[in-house]
Structures are given as structure tokens and as C-alpha cells.
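Summary of structural features
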Amino acid sequence: MSSWLIYTIGFSAQLLFSGRSILQWIISEKQKKVLTPVLFWQLSLIASFLLFIYGYLRNDFAIMLGQILTYFIYIRNMHLQNQWLKFPKMLRWFLYIFPFIILYIGYNNHVYDRAKLFQNDNIPLWLLLLGIIAQVIFTLRFVYQWFYSEKRKVSSLPLGFWFLSLFGSLMILIYAIFRKDPVLLLGHSLGIFLYVRNILILKTESKIL
């Protein structure tokens, strides 16, 4: 597949991720408190779907890992907002099994695919480890958010989510610089500003309360 098409998929994913964050930020600024609209999770799921494909096409295990860990948390939040069952049944099943289909194809298309993911000449071991650690930390924000929301039975984005977002995003930005990945650079440069702003909104909101 041509590189321009691969980057188109990646940039499309990041535009959707940025769009959801900007939407959430605008709504939160307007209401003076951090809110999570339904569209936030819908855009998250579509963007994660595309970025997972981008990571696979770029032979970048760190990107794939980050997306597969959050993919189902996005679906769960749509459950909590009573939106998931509004999707057509066939589409829901497809979205459930899609990551496993890609992984099955990747790991069973001879040993070559496995070697490309874990022994990519363009990604030295130290950089791969940095990317994996960064993605795990960035993903922990949604694990934290998931437990927080499950406990309260309502989908929300608490303060800890934004701190983990900021720290994880900074690490991914470092990874992107060494990896020379314009898709990650674009997405996380904007994201850092939005994470800081949401932290400030929550701090102000807690002082008012």
C-alpha cells in the first residue's frame, strides 16, 4: 500500500481524535465544567478503528497496542450512555471482532509479519519499549476512567484521567519525534493543550464547589 494512503488513514484518525477533544473542550468551556458528550465516544471508536489499521500498516506494535487496549473501553462507555445498542447488530458484531481478525491475519501470515512488528529496523528496541510504555500509560487513563465510571454508573472524565492523558501524551510525543511520525506529532501536540485546559477547568470547578 502506498505511503500517502497509509498517512491519510493515520491523519484521518487523528483528526477524529482531535475533533472529539475539541468538541468536549468547547462544551466544557461553555458549561464551565468537564462534560462528556455521546459524540465523544462515537468519534473515539471510529478514530481508534482507523489508528489501529494505521499502526498495522506502519508495522508499529506500540500504536496497535495502545488502540486495542482502549477500543473496548470506548464501547463500554457507549453502553453506559445507552448508545451502543442503537448501532445495527451486524455493525456491533463487526466492531467487536475486527481487532482480533487483524491480529489473527498478522500473526498467521507466515513469521514475516511477526518479525516486522517486533523487529522493525526503523524502530530500535529502546524506542519500541518507550512507545509501548507511553501507550500503556496513555491507555491507563481510560482504564482509570472506566473503573471510575463503572463505580458511579455514569460515563465521566475525572481529574486523574486528564493527568494521565497529559503525562502519556508527552511520552508519546517524544516517541513520535524519534520515530519521525507526523500523525502522532500532530495529534498529541494539540492534545497536550486540551488536557491542560481540562485540568484547569476541573480545578476551578472544585474551588467553586
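Higher on the page you've got the structure.
This structure is a prediction, so every number in the text was calculated from the model and none was measured.

Observations regarding the overall build of the chain
- For the chain, the helix and strand inventory stands at eight helices and zero strands.
- Each helix and strand of the chain, placed in order from N terminus to C terminus, yields the pattern α-α-α-α-α-α-α-α.
- Scored against the burial criterion, the 209 residues of the chain give a buried share of 50%.
- Sequence-distant contacts in the chain: of pairs separated by 6 or more residues, those separated by 24 or more amount to 75%.
- Carbon and sulfur atoms make up 71% of the accessible area of the chain, which amounts to about 10900 Å² in all.

Structural notes on helix α1 (residues 3–31)
- Over its 29 residues, α1 runs 42 Å from end to end, which matches the ideal 42 Å to within 8%, given 1.5 Å per residue.
- Among the residues of α1, those classed as buried are I6, I9, G10, A13, Q14, F17, S18, R20, S21, Q24, S28 and E29.
- Immediately beyond the C-terminal end of α1, within one or two residues, lies K32, with a positive phi of roughly 60°.

Observations concerning unusual backbone geometry
- In this structure, N82 takes a positive phi of about 55° despite not being glycine.
- You can see N82 is positioned in the loop between α3 (61–80) and α4 (89–108).
- A relative accessible area of 61% means that N82 is categorised as exposed.
- Residue K153 is not a glycine yet carries a positive backbone phi of 60°.
- One can find K153 in the loop between α6 (125–152) and α7 (159–179).

Some remarks on the environment of W41
- Here W41 shows up in helix α2 (residues 38–57).
- Each C-alpha atom of the pair W41 and F17 lies 9.9 Å from the other, and the pair is 24 residues apart in sequence.
- Residues within four places of W41 in sequence aside, it is in contact with T36, Y74, N77, M78, Q81, F142, Q145, S155 and L157.
- At a separation of 3.0 Å, a polar atom in the side chain of W41 contacts the side chain of S155.

Some details on the side chain of S48
- Structurally, the position occupied by S48 is in helix α2.
- Excluding its chain neighbours within four sequence positions, the residues that come into contact with S48 are F17, Q67, T70, Y71 and Y74.

Here's the deal with the nonpolar core
- Counting residues in each nonpolar core, the largest one holds 53 residues, and the members touching the most others are L45 and W162.
- Breaking this core down by element, the ones donating at least two residues are α1, α2, α3, α4, α6, α7 and α8 (182–208).
- In terms of residues, this core owes the most to one element, α3, which gives eleven residues.
- Every residue in contact with W162, bar those within four places of it in the chain, is listed here: Q24, V34, L157, Y195, N198, I199 and L202.

Let's talk about the side chain of R141
- As for its position among the elements, R141 is in helix α6.
- No salt bridge is formed by the buried R141, whose closest oppositely charged neighbour, D181, lies at an N-O distance of 15 Å.
- In this structure the side chain of R141 is engaged in a polar contact, spanning 2.9 Å, whose partner is the side chain of S165.

Quick look at the packing of α6 against α7
- Taken N-terminus to C-terminus, the directions of α6 and α7 make an angle of 160°; their axes are 8 Å apart at the nearest point. The angle between the axes of α6 and α7 places the two elements in the roughly antiparallel class. Relative to α7, the crossing made by α6 is left-handed.
- Class assignment for the residues of the contact of α6 with α7 results in 18 nonpolar, seven polar and two charged.

Section: the packing of aromatic side chains
- Evaluation of the coordinates by the stated rule reveals 23 aromatic pairs.
- Arranged with centres 4.3 Å apart and planes meeting at 35°, the rings of F49 and F98 form a pair that is tilted. With F49 in helix α2 and F98 in helix α4, this residue pair connects regions lying 49 residues apart in the sequence. Each member of the pair F49 and F98 is classed as buried.
- Considering the side-chain rings of F138 and Y195, the 6.3 Å spacing of their centres and the 55° angle between planes classify their relative orientation as tilted.

Calculation rules
- Residues numbered from 1 in each chain as written.
- Predicted model: local features only at pLDDT ≥ 70, side-chain atom pairs only at ≥ 80, totals over all residues.
- Heavy atoms only, no water.
- Helix = DSSP H or I, 4+ residues; strand = E, 2+ residues; numbered from the N terminus.
- Buried < 20%, exposed > 50% of the residue type's maximum accessible area, 1.4 Å probe, protein only.
- Contact = heavy atoms within 4.5 Å.
- Areas by Shrake-Rupley, 256 points an atom, 1.4 Å probe, with all protein chains shown as cover.
- Expected span 1.5 Å × (residues − 1).
- Polar contact = N/O pair within 3.5 Å; in protein donor to acceptor, adjacent residues only side chain to side chain.
- Core = buried A, V, L, I, M, F, W, Y, C linked by side-chain atoms within 4.5 Å.
- Lys, Arg positive; Asp, Glu negative; His and termini not counted.
- Salt bridge = Lys/Arg side-chain N within 4 Å of Asp/Glu carboxyl O.
- Axes fitted to C-alpha atoms, helices over the stretch in contact; angles between N-to-C directions.
- Parallel < 35°, antiparallel > 145°, perpendicular 65-115°, else oblique.
- Left-handed = near helix turned anticlockwise from the far one by under 90°.
- Nonpolar A, V, L, I, M, F, W, Y, C, P; charged D, E, K, R; others polar.
- Phe/Tyr/Trp six-rings, centres within 6.5 Å; stacked < 30°, edge-to-face > 60°.

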